[in-house]
Amino acid sequence: MAGVLDVAVRLVAIVVVFLVLPLVAGQAEHKIMAHMQARLGPMYAGGFHGWAQLIADGVKFVQKEDVIPAAADRRVFALAPGVALIPYLVVMAVIPVGPGLVGADLDAGLFFVLAVLGVGVLGSIMAGWSSGNKYSVLGGIRSAAQLMSYELPLVLAASSVAMAAGTLSLPGIVAAWQWWWLPWQAIGGVIFFVAGLAELRRPPFDMPIAESEIIMGPLTEYTGIRFALFMLAEYAGIIVISALTSVLFLGGWHGPFLPGPLWMLVKVAALVFVVIWVRVSFPRLREDQLQRLAWVGLVPLALAQLALTGVVRVLAG
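Criteria and thresholds
- Residues numbered from 1 in each chain as written.
- Predicted model: local features only at pLDDT ≥ 70, side-chain atom pairs only at ≥ 80, totals over all residues.
- Heavy atoms only, no water.
- Helix = DSSP H or I, 4+ residues; strand = E, 2+ residues; numbered from the N terminus.
- Rg over C-alpha atoms; globule rule 2.2 N^0.38 Å.
- Buried < 20%, exposed > 50% of the residue type's maximum accessible area, 1.4 Å probe, protein only.
- Contact = heavy atoms within 4.5 Å.
- Lys, Arg positive; Asp, Glu negative; His and termini not counted.
- Charge placed at Lys NZ, Arg CZ, Asp CG, Glu CD.
- Core = buried A, V, L, I, M, F, W, Y, C linked by side-chain atoms within 4.5 Å.
- Arc of directions from axis to C-beta.
- Phe/Tyr/Trp six-rings, centres within 6.5 Å; stacked < 30°, edge-to-face > 60°.
- Lys NZ or Arg CZ within 6 Å of the ring centre and 35° of its normal.

Colleague: With reference to specific residues and values, describe the overall build of the protein.
Modeller: A tally of regular secondary structure across the protein gives 12 helices and 0 strands. On C-alpha atoms alone, the protein measures out to a radius of gyration of 20 Å, which is about the 20 Å that the 2.2 N^0.38 rule sets for 317 residues. A principal-axis box enclosing the C-alpha atoms of the protein has dimensions of 65 × 45 × 45 Å. For the protein, buried positions account for 48% of its 317 residues. In the protein, once contacts between residues fewer than 6 apart in sequence are set aside, the share between residues at least 24 apart is 76%. Computed over 18 positive and 17 negative side-chain charges, the separation of the two mean positions in the protein equals 3 Å.

Okay, here's the thing in C-alpha coordinates:
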(Lines give C-alpha, C1' and ligand atoms only; values in the text may rest on other atoms or scores of the structure.)
Protein backbone atom coordinates (compact mmCIF):
# COMPACT_ATOMS: atom_id res chain seq x y z
CA MET A 1 0.00 0.00 0.00
CA ALA A 2 2.86 2.37 0.81
CA GLY A 3 4.36 1.73 -2.63
CA VAL A 4 1.08 2.55 -4.38
CA LEU A 5 0.72 5.75 -2.35
CA ASP A 6 4.27 6.79 -3.22
CA VAL A 7 3.62 6.31 -6.95
CA ALA A 8 0.34 8.22 -6.71
CA VAL A 9 1.98 11.16 -4.94
CA ARG A 10 4.76 11.29 -7.55
CA LEU A 11 2.24 11.21 -10.41
CA VAL A 12 0.16 13.99 -8.88
CA ALA A 13 3.26 16.12 -8.31
CA ILE A 14 4.40 15.64 -11.92
CA VAL A 15 0.97 16.53 -13.31
CA VAL A 16 0.75 19.65 -11.12
CA VAL A 17 4.21 20.79 -12.24
CA PHE A 18 3.28 20.03 -15.86
CA LEU A 19 0.12 22.14 -15.60
CA VAL A 20 1.57 25.05 -13.61
CA LEU A 21 5.14 25.74 -14.79
CA PRO A 22 4.34 26.12 -18.53
CA LEU A 23 1.60 28.62 -17.65
CA VAL A 24 4.06 30.53 -15.45
CA ALA A 25 6.53 30.56 -18.34
CA GLY A 26 3.81 31.91 -20.65
CA GLN A 27 2.91 34.66 -18.19
CA ALA A 28 6.59 35.51 -17.75
CA GLU A 29 7.04 35.77 -21.52
CA HIS A 30 4.16 38.25 -21.76
CA LYS A 31 5.62 40.45 -19.04
CA ILE A 32 9.30 40.24 -20.00
CA MET A 33 8.57 40.99 -23.66
CA ALA A 34 6.27 43.83 -22.60
CA HIS A 35 9.14 45.45 -20.67
CA MET A 36 11.83 44.76 -23.28
CA GLN A 37 9.76 45.96 -26.24
CA ALA A 38 7.58 48.58 -24.49
CA ARG A 39 4.40 46.62 -25.23
CA LEU A 40 1.39 48.13 -23.49
CA GLY A 41 -1.22 45.45 -24.26
CA PRO A 42 -0.10 42.77 -21.75
CA MET A 43 -0.03 45.38 -18.97
CA TYR A 44 -3.77 46.15 -18.91
CA ALA A 45 -5.72 42.92 -18.28
CA GLY A 46 -6.90 42.83 -14.65
CA GLY A 47 -5.40 46.15 -13.65
CA PHE A 48 -2.10 46.08 -11.77
CA HIS A 49 0.71 45.07 -14.13
CA GLY A 50 -1.73 43.06 -16.26
CA TRP A 51 -1.88 40.22 -13.73
CA ALA A 52 -4.89 38.62 -15.48
CA GLN A 53 -3.35 38.41 -18.96
CA LEU A 54 -3.05 34.63 -18.78
CA ILE A 55 -6.70 34.32 -17.74
CA ALA A 56 -7.72 36.63 -20.60
CA ASP A 57 -5.81 34.46 -23.07
CA GLY A 58 -7.53 31.33 -21.71
CA VAL A 59 -10.97 32.89 -22.05
CA LYS A 60 -10.11 34.01 -25.59
CA PHE A 61 -9.12 30.51 -26.68
CA VAL A 62 -12.20 28.92 -25.06
CA GLN A 63 -14.54 31.34 -26.86
CA LYS A 64 -13.03 30.77 -30.29
CA GLU A 65 -14.88 28.44 -32.65
CA ASP A 66 -13.34 24.99 -33.06
CA VAL A 67 -13.03 24.72 -36.83
CA ILE A 68 -12.00 21.56 -38.68
CA PRO A 69 -11.40 22.01 -42.44
CA ALA A 70 -13.70 20.02 -44.71
CA ALA A 71 -10.74 18.32 -46.42
CA ALA A 72 -8.99 17.42 -43.15
CA ASP A 73 -8.42 13.93 -41.78
CA ARG A 74 -10.55 14.59 -38.70
CA ARG A 75 -9.11 11.85 -36.46
CA VAL A 76 -5.45 12.72 -37.07
CA PHE A 77 -6.28 16.43 -36.92
CA ALA A 78 -7.77 15.95 -33.44
CA LEU A 79 -4.92 13.74 -32.17
CA ALA A 80 -2.05 16.00 -33.28
CA PRO A 81 -2.16 18.49 -30.33
CA GLY A 82 -2.00 15.61 -27.83
CA VAL A 83 0.90 13.97 -29.67
CA ALA A 84 2.78 17.30 -29.51
CA LEU A 85 2.06 17.80 -25.79
CA ILE A 86 2.22 14.39 -24.07
CA PRO A 87 5.96 13.67 -24.66
CA TYR A 88 6.89 16.60 -22.42
CA LEU A 89 4.72 15.22 -19.61
CA VAL A 90 6.48 11.86 -19.97
CA VAL A 91 9.93 13.49 -19.92
CA MET A 92 9.12 15.42 -16.75
CA ALA A 93 8.63 12.10 -14.98
CA VAL A 94 12.38 11.33 -15.15
CA ILE A 95 13.86 14.79 -14.46
CA PRO A 96 15.24 14.97 -10.90
CA VAL A 97 14.67 18.16 -8.90
CA GLY A 98 16.53 17.06 -5.77
CA PRO A 99 18.16 14.05 -4.10
CA GLY A 100 15.53 11.32 -4.35
CA LEU A 101 12.97 13.75 -5.80
CA VAL A 102 12.29 12.21 -9.20
CA GLY A 103 9.25 10.51 -10.65
CA ALA A 104 11.20 7.53 -12.01
CA ASP A 105 14.94 6.96 -11.77
CA LEU A 106 15.74 5.03 -14.95
CA ASP A 107 19.18 3.55 -15.51
CA ALA A 108 19.00 4.75 -19.13
CA GLY A 109 17.17 7.96 -18.26
CA LEU A 110 19.11 10.17 -20.67
CA PHE A 111 18.51 7.77 -23.56
CA PHE A 112 14.81 7.66 -22.64
CA VAL A 113 14.56 11.47 -22.58
CA LEU A 114 16.24 11.95 -25.95
CA ALA A 115 14.06 9.25 -27.53
CA VAL A 116 10.79 10.68 -26.19
CA LEU A 117 11.66 14.28 -27.13
CA GLY A 118 11.92 13.20 -30.75
CA VAL A 119 8.28 12.09 -30.68
CA GLY A 120 7.00 15.66 -30.20
CA VAL A 121 7.73 16.66 -33.80
CA LEU A 122 5.24 14.02 -34.95
CA GLY A 123 2.52 16.35 -33.65
CA SER A 124 3.57 19.05 -36.13
CA ILE A 125 3.87 16.56 -38.98
CA MET A 126 0.43 15.12 -38.19
CA ALA A 127 -1.04 18.62 -37.92
CA GLY A 128 0.35 19.68 -41.28
CA TRP A 129 -0.58 16.50 -43.15
CA SER A 130 -4.09 16.18 -41.70
CA SER A 131 -5.12 19.80 -42.34
CA GLY A 132 -5.78 19.28 -46.04
CA ASN A 133 -3.67 22.38 -46.72
CA LYS A 134 -0.56 22.16 -48.90
CA TYR A 135 1.10 25.04 -47.06
CA SER A 136 0.54 23.29 -43.75
CA VAL A 137 2.11 20.13 -45.19
CA LEU A 138 5.20 22.14 -46.16
CA GLY A 139 5.34 23.52 -42.60
CA GLY A 140 5.26 19.98 -41.21
CA ILE A 141 8.06 18.92 -43.55
CA ARG A 142 10.11 21.93 -42.46
CA SER A 143 9.60 20.92 -38.83
CA ALA A 144 10.83 17.40 -39.59
CA ALA A 145 13.88 18.70 -41.46
CA GLN A 146 14.75 21.01 -38.58
CA LEU A 147 14.44 18.17 -36.06
CA MET A 148 16.73 15.95 -38.13
CA SER A 149 19.34 18.71 -38.35
CA TYR A 150 19.43 19.63 -34.67
CA GLU A 151 18.88 16.20 -33.13
CA LEU A 152 22.48 15.19 -33.87
CA PRO A 153 24.23 18.06 -32.01
CA LEU A 154 21.70 17.68 -29.17
CA VAL A 155 22.53 13.98 -28.75
CA LEU A 156 26.29 14.52 -29.09
CA ALA A 157 26.29 17.27 -26.45
CA ALA A 158 24.28 15.10 -24.05
CA SER A 159 26.60 12.16 -24.74
CA SER A 160 29.57 14.25 -23.61
CA VAL A 161 28.05 14.70 -20.15
CA ALA A 162 27.06 11.03 -19.94
CA MET A 163 30.64 10.07 -20.79
CA ALA A 164 31.99 12.44 -18.14
CA ALA A 165 29.66 11.07 -15.45
CA GLY A 166 29.95 7.43 -16.53
CA THR A 167 26.19 6.88 -16.37
CA LEU A 168 22.99 7.47 -18.34
CA SER A 169 20.92 7.99 -15.17
CA LEU A 170 19.93 11.65 -14.77
CA PRO A 171 20.20 11.59 -10.95
CA GLY A 172 23.53 9.78 -11.38
CA ILE A 173 24.79 12.54 -13.70
CA VAL A 174 23.84 15.22 -11.18
CA ALA A 175 25.45 13.25 -8.33
CA ALA A 176 28.70 12.94 -10.31
CA TRP A 177 28.73 16.63 -11.30
CA GLN A 178 31.61 18.81 -10.06
CA TRP A 179 31.93 22.60 -10.18
CA TRP A 180 34.89 22.42 -12.58
CA TRP A 181 32.62 20.80 -15.15
CA LEU A 182 31.19 24.27 -15.87
CA PRO A 183 34.13 25.43 -18.04
CA TRP A 184 34.89 21.87 -19.21
CA GLN A 185 31.37 21.19 -20.54
CA ALA A 186 30.45 24.81 -21.39
CA ILE A 187 30.55 24.30 -25.15
CA GLY A 188 28.34 21.23 -24.86
CA GLY A 189 25.90 23.16 -22.66
CA VAL A 190 25.53 25.95 -25.23
CA ILE A 191 25.11 23.43 -28.05
CA PHE A 192 22.47 21.47 -26.13
CA PHE A 193 20.52 24.61 -25.25
CA VAL A 194 20.63 26.07 -28.77
CA ALA A 195 19.69 22.74 -30.38
CA GLY A 196 16.84 22.41 -27.88
CA LEU A 197 15.48 25.83 -28.90
CA ALA A 198 15.69 24.81 -32.54
CA GLU A 199 13.77 21.60 -31.87
CA LEU A 200 11.08 23.63 -30.12
CA ARG A 201 10.98 25.99 -33.13
CA ARG A 202 11.49 28.96 -30.84
CA PRO A 203 12.75 32.25 -32.30
CA PRO A 204 15.15 32.72 -33.98
CA PHE A 205 14.60 29.12 -35.14
CA ASP A 206 10.88 29.44 -35.89
CA MET A 207 11.15 29.09 -39.68
CA PRO A 208 8.56 26.25 -39.86
CA ILE A 209 5.83 28.39 -38.25
CA ALA A 210 6.93 32.02 -38.99
CA GLU A 211 3.57 33.58 -38.06
CA SER A 212 4.35 36.87 -39.81
CA GLU A 213 5.19 35.20 -43.14
CA ILE A 214 3.62 31.73 -43.47
CA ILE A 215 0.91 32.07 -40.81
CA MET A 216 1.98 29.37 -38.33
CA GLY A 217 2.94 26.70 -40.90
CA PRO A 218 1.51 23.32 -39.82
CA LEU A 219 -0.77 25.04 -37.28
CA THR A 220 -2.51 27.33 -39.78
CA GLU A 221 -5.86 25.53 -39.65
CA TYR A 222 -6.00 25.18 -35.85
CA THR A 223 -8.21 27.37 -33.69
CA GLY A 224 -9.45 27.61 -30.12
CA ILE A 225 -8.43 25.01 -27.57
CA ARG A 226 -6.58 22.84 -30.10
CA PHE A 227 -4.30 25.76 -30.97
CA ALA A 228 -3.89 26.53 -27.25
CA LEU A 229 -2.66 22.96 -26.68
CA PHE A 230 0.09 23.51 -29.23
CA MET A 231 1.08 26.71 -27.42
CA LEU A 232 1.05 24.83 -24.10
CA ALA A 233 3.31 22.19 -25.67
CA GLU A 234 5.77 24.94 -26.66
CA TYR A 235 5.94 26.33 -23.11
CA ALA A 236 6.16 22.83 -21.64
CA GLY A 237 9.06 22.23 -24.02
CA ILE A 238 10.78 25.38 -22.75
CA ILE A 239 10.51 24.10 -19.17
CA VAL A 240 11.80 20.64 -20.16
CA ILE A 241 14.79 21.94 -22.16
CA SER A 242 15.69 24.39 -19.38
CA ALA A 243 15.42 21.64 -16.74
CA LEU A 244 17.52 19.21 -18.79
CA THR A 245 20.17 21.87 -19.38
CA SER A 246 20.25 22.51 -15.63
CA VAL A 247 20.54 18.81 -14.81
CA LEU A 248 23.18 17.98 -17.42
CA PHE A 249 25.37 21.07 -17.47
CA LEU A 250 24.62 23.30 -14.45
CA GLY A 251 24.65 20.76 -11.65
CA GLY A 252 20.92 20.43 -11.11
CA TRP A 253 20.21 20.79 -7.39
CA HIS A 254 23.86 21.54 -6.45
CA GLY A 255 24.46 24.97 -4.93
CA PRO A 256 25.42 26.72 -1.69
CA PHE A 257 23.12 27.80 1.15
CA LEU A 258 19.73 27.18 -0.53
CA PRO A 259 17.87 23.83 -0.56
CA GLY A 260 18.55 21.66 -3.61
CA PRO A 261 15.05 21.86 -5.20
CA LEU A 262 15.13 25.64 -4.86
CA TRP A 263 18.47 25.78 -6.67
CA MET A 264 16.97 23.68 -9.45
CA LEU A 265 14.02 26.05 -9.73
CA VAL A 266 16.31 29.10 -9.82
CA LYS A 267 18.41 27.61 -12.63
CA VAL A 268 15.34 26.67 -14.66
CA ALA A 269 13.88 30.16 -14.20
CA ALA A 270 17.14 31.77 -15.33
CA LEU A 271 17.23 29.65 -18.49
CA VAL A 272 13.56 30.40 -19.24
CA PHE A 273 14.46 34.09 -19.03
CA VAL A 274 17.29 33.49 -21.52
CA VAL A 275 14.85 31.77 -23.91
CA ILE A 276 12.56 34.81 -23.81
CA TRP A 277 15.50 37.21 -24.08
CA VAL A 278 16.73 35.42 -27.22
CA ARG A 279 13.26 35.69 -28.77
CA VAL A 280 13.25 39.44 -28.24
CA SER A 281 16.83 40.06 -29.32
CA PHE A 282 17.47 38.04 -32.50
CA PRO A 283 15.75 38.10 -35.90
CA ARG A 284 14.51 34.92 -37.52
CA LEU A 285 17.14 32.94 -39.42
CA ARG A 286 16.79 32.08 -43.08
CA GLU A 287 16.43 28.40 -43.88
CA ASP A 288 19.96 28.17 -45.28
CA GLN A 289 21.38 29.93 -42.21
CA LEU A 290 19.48 27.55 -39.93
CA GLN A 291 20.88 24.46 -41.66
CA ARG A 292 24.39 25.92 -41.87
CA LEU A 293 24.42 26.64 -38.15
CA ALA A 294 23.53 23.01 -37.42
CA TRP A 295 25.86 21.19 -39.81
CA VAL A 296 28.79 23.61 -40.10
CA GLY A 297 28.67 25.09 -36.60
CA LEU A 298 27.10 22.90 -33.92
CA VAL A 299 27.95 19.40 -35.13
CA PRO A 300 31.74 19.99 -35.39
CA LEU A 301 31.73 21.76 -32.01
CA ALA A 302 29.78 18.89 -30.44
CA LEU A 303 32.26 16.37 -31.84
CA ALA A 304 35.14 18.48 -30.49
CA GLN A 305 33.46 18.57 -27.05
CA LEU A 306 33.01 14.80 -27.16
CA ALA A 307 36.68 14.31 -28.06
CA LEU A 308 37.76 16.68 -25.28
CA THR A 309 35.66 14.73 -22.76
CA GLY A 310 37.27 11.49 -23.87
CA VAL A 311 40.76 12.95 -23.45
CA VAL A 312 39.98 14.33 -19.98
CA ARG A 313 38.43 11.03 -18.89
CA VAL A 314 41.53 9.11 -20.01
CA LEU A 315 43.95 11.53 -18.35
CA ALA A 316 41.89 11.56 -15.16
CA GLY A 317 42.03 7.77 -15.04
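Colleague: Describe the nonpolar core, and please don't skip the residues or the numbers.
Modeller: Core analysis: the largest hydrophobic core is formed by 81 residues, its most contacted members being Leu170 and Leu248. Broken down by element, the residue count for this core peaks at 17 residues, all from helix H10 (residues 224-249). Leave out the neighbours within four places in its chain, and leucine 170 touches Val94, Ile95, Pro96, Gly109, Leu110, Val113, Leu244, Val247 and Leu248.

Colleague: Which residues make up helix H4 (residues 109-117), and what values go with them?
Modeller: For an α-helix, 3.6 residues make a turn, and residues three or four places apart therefore share a direction. The set of residues buried in H4 consists of Gly109, Leu110, Val113, Leu114, Val116 and Leu117. Seen from one end, H4 has its buried residues packed into an arc of 165°, which puts them on one side. On its buried face, H4 sits against helix H3 (74-92), helix H6 (134-165), helix H7 (170-176) and H10.

Colleague: Run through unusual backbone geometry, naming residues and quoting values.
Modeller: The peptide bond linking proline 203 to proline 204 adopts the cis configuration, its omega dihedral lying at 5°. Even without a glycine there, the phi angle at alanine 38 is positive, about 55°. At phenylalanine 257, a residue that is not glycine, the phi angle is positive and equals roughly 70°. Structurally, phenylalanine 257 can be placed in the loop between H10 and helix H11 (260-281).

Colleague: Explain the packing of aromatic side chains to me, using residue names and the numbers behind them.
Modeller: Under the definition given, this model contains 9 aromatic pairs. On the numbers, 6.0 Å between centres and 40° between planes, the contact of phenylalanine 61 with phenylalanine 227 is tilted. A residue pair is termed long-range when its members are at least 10 positions apart, and phenylalanine 61 in helix H2 (residues 53-63) and phenylalanine 227 in helix H10 qualify at 166 residues. Both residues of the pair, phenylalanine 61 and phenylalanine 227, belong to the buried class. Plain terms: the ring middles of tryptophan 180 and tryptophan 181 are 6.4 Å apart, the flat faces sit at 80° to each other, and that makes the pair edge-to-face. On the basis of relative accessible area, tryptophan 180 is assigned to the partly exposed category, the value being 38%. We classify tryptophan 181 as buried; its relative accessible area is 4%. Linked through ring pairs, Phe77, Tyr222 and Phe230 together constitute an aromatic cluster. The aromatic ring of phenylalanine 61 is capped on one face by lysine 60, whose charged end is 4.9 Å from the ring centroid. Positioned above the aromatic ring of tryptophan 177 is the side chain of lysine 267, whose terminal nitrogen or guanidinium carbon lies 5.9 Å from the ring centre.

No statement about biological role is implied by the geometric values presented.
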